[in-house]
Amino acid sequence: SYKNFSLSYDGKTSTNDVFCNFSDPSAAAASVSLLKMEIENLADIVVDVSSDVTGSGVEGDPWLYTVTFLEPVGPLNLFESDKALVTKVTKPSAA
């Protein structure tokens, strides 16, 4: 498994390497503030990174972080990563 990853946004900038080879979920959750800082340094965006980190950190069940974009509001480009799997989850609109 990988020991770190980086993210880029709009193909312009990249984060510093983010360590991800944790031994347990509490150690993975402790990295949330660093991940938030790295993401927000990429562009003029504000995010929330959930402290509820899931997975076991092994191939096939990696650590899963949920990142919610707070600003700007609206459709945004997806992050790209050198090693991490990035997927888009769209929250349903409130009725």
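Everything that follows concerns the structure shown earlier in this document.
Right, let's walk through the structure included here.

Rules used throughout
Residues numbered from 1 in each chain as written. Predicted model: local features only at pLDDT ≥ 70, side-chain atom pairs only at ≥ 80, totals over all residues. Heavy atoms only, no water. Helix = DSSP H or I, 4+ residues; strand = E, 2+ residues; numbered from the N terminus. Pairing = 2+ DSSP bridges. Contact = heavy atoms within 4.5 Å. Salt bridge = Lys/Arg side-chain N within 4 Å of Asp/Glu carboxyl O. Buried < 20%, exposed > 50% of the residue type's maximum accessible area, 1.4 Å probe, protein only. 1 Å grid on protein atoms, 1.4 Å probe; cavity = no way out; pocket = protein on both sides within 12 Å on 5 of 7 lines; lining within 4 Å. Points joined across faces, edges and corners; volume = space filled by probe spheres on them. Nonpolar A, V, L, I, M, F, W, Y, C, P; charged D, E, K, R; others polar.

**With respect to unusual backbone geometry**
Phi is mostly negative for residues that are not glycine, and the peptide bonds are mostly trans.
Thought 1: Of note, the bond from Glu71 into Pro72 is cis; its omega dihedral lies within 30 degrees of zero at -5°.
Thought 2: For Pro72, the position within the fold is in the loop between strand S6 (67-71) and strand S7 (80-81).

**Focus on the sheet that holds strand S2 (residues 7-9)**
Thought 1: A sheet is described by the order of its strands in space; here 3 strands give the open sequence S3-S2-S7, paired in antiparallel fashion. Both outer strands of the open sheet, strand S3 (13-14) and S7, are each paired with one neighbouring strand and no more.
Thought 2: Both S2 and S7 contribute to a ladder of 2 bridges, which runs antiparallel. Residue Ser8 lies in a different strand from S7, and its bridge partner there is Glu80.

**Considering the side chain of Ser8**
Thought 1: As for its placement among the helices and strands, Ser8 is situated in strand S2.
Thought 2: In contact with Ser8, not counting residues within four places along its chain, are Thr13, Ser14, Leu42, Phe79 and Glu80.

**Regarding the pattern of salt bridges**
Thought 1: Here the structure, examined in full by the defined rule, presents 1 salt bridge.
Thought 2: Two residues, Lys36 and Glu40, come together in a salt bridge whose shortest N-O distance is 2.6 Å. Pair noted here: Lys36 and Glu40 are both in helix H2 (residues 32-40), with a separation of 4 residues, about one helical turn.
Thought 3: A relative accessible area of 25% places Glu40 in the partly exposed class.

**Some points on the pairing of strand S5 (residues 46-49)**
Along any regular strand the residues' side chains alternate between the sheet's two faces.
Thought 1: Burial along S5 is one-sided: the residues Val47 and Val49 are buried and none of Val46 and Asp48 is.
Thought 2: Direction of pairing for S5 relative to S6: antiparallel, over a ladder of 4 bridges. For Val46, the partnering residue across the bridge sits in S6 and is Glu71.

**Thoughts on the environment of Glu59**
Thought 1: Within the element layout of this structure, Glu59 appears in the loop between S5 and S6.
Thought 2: A relative accessible area of 74% places Glu59 in the exposed class.
Thought 3: Measuring from C-alpha to C-alpha, the distance between Glu59 and Tyr2 comes to 9.0 Å, with 57 residues separating the pair along the chain.

**Observations concerning the environment of Leu42**
Thought 1: Along the chain, Leu42 turns up in the loop between H2 and S5.
Thought 2: In this structure, the C-alpha to C-alpha distance between Leu42 and Val89, residues 47 residues apart in sequence, is 20 Å.
Thought 3: Discounting chain neighbours no more than four positions away, the residues touching Leu42 are Leu7, Ser8, Tyr9, Thr13, Ser14, Thr15 and Phe79.

**Structural notes on the layout of surface pockets**
Thought 1: Size it by volume and the largest pocket reaches roughly 1400 Å³.
Thought 2: With 4 residues, S6 is the single largest residue contributor to the lining of the largest pocket.
Thought 3: The class makeup of the residues in the lining of the largest pocket is 24 nonpolar, 10 polar and 4 charged.

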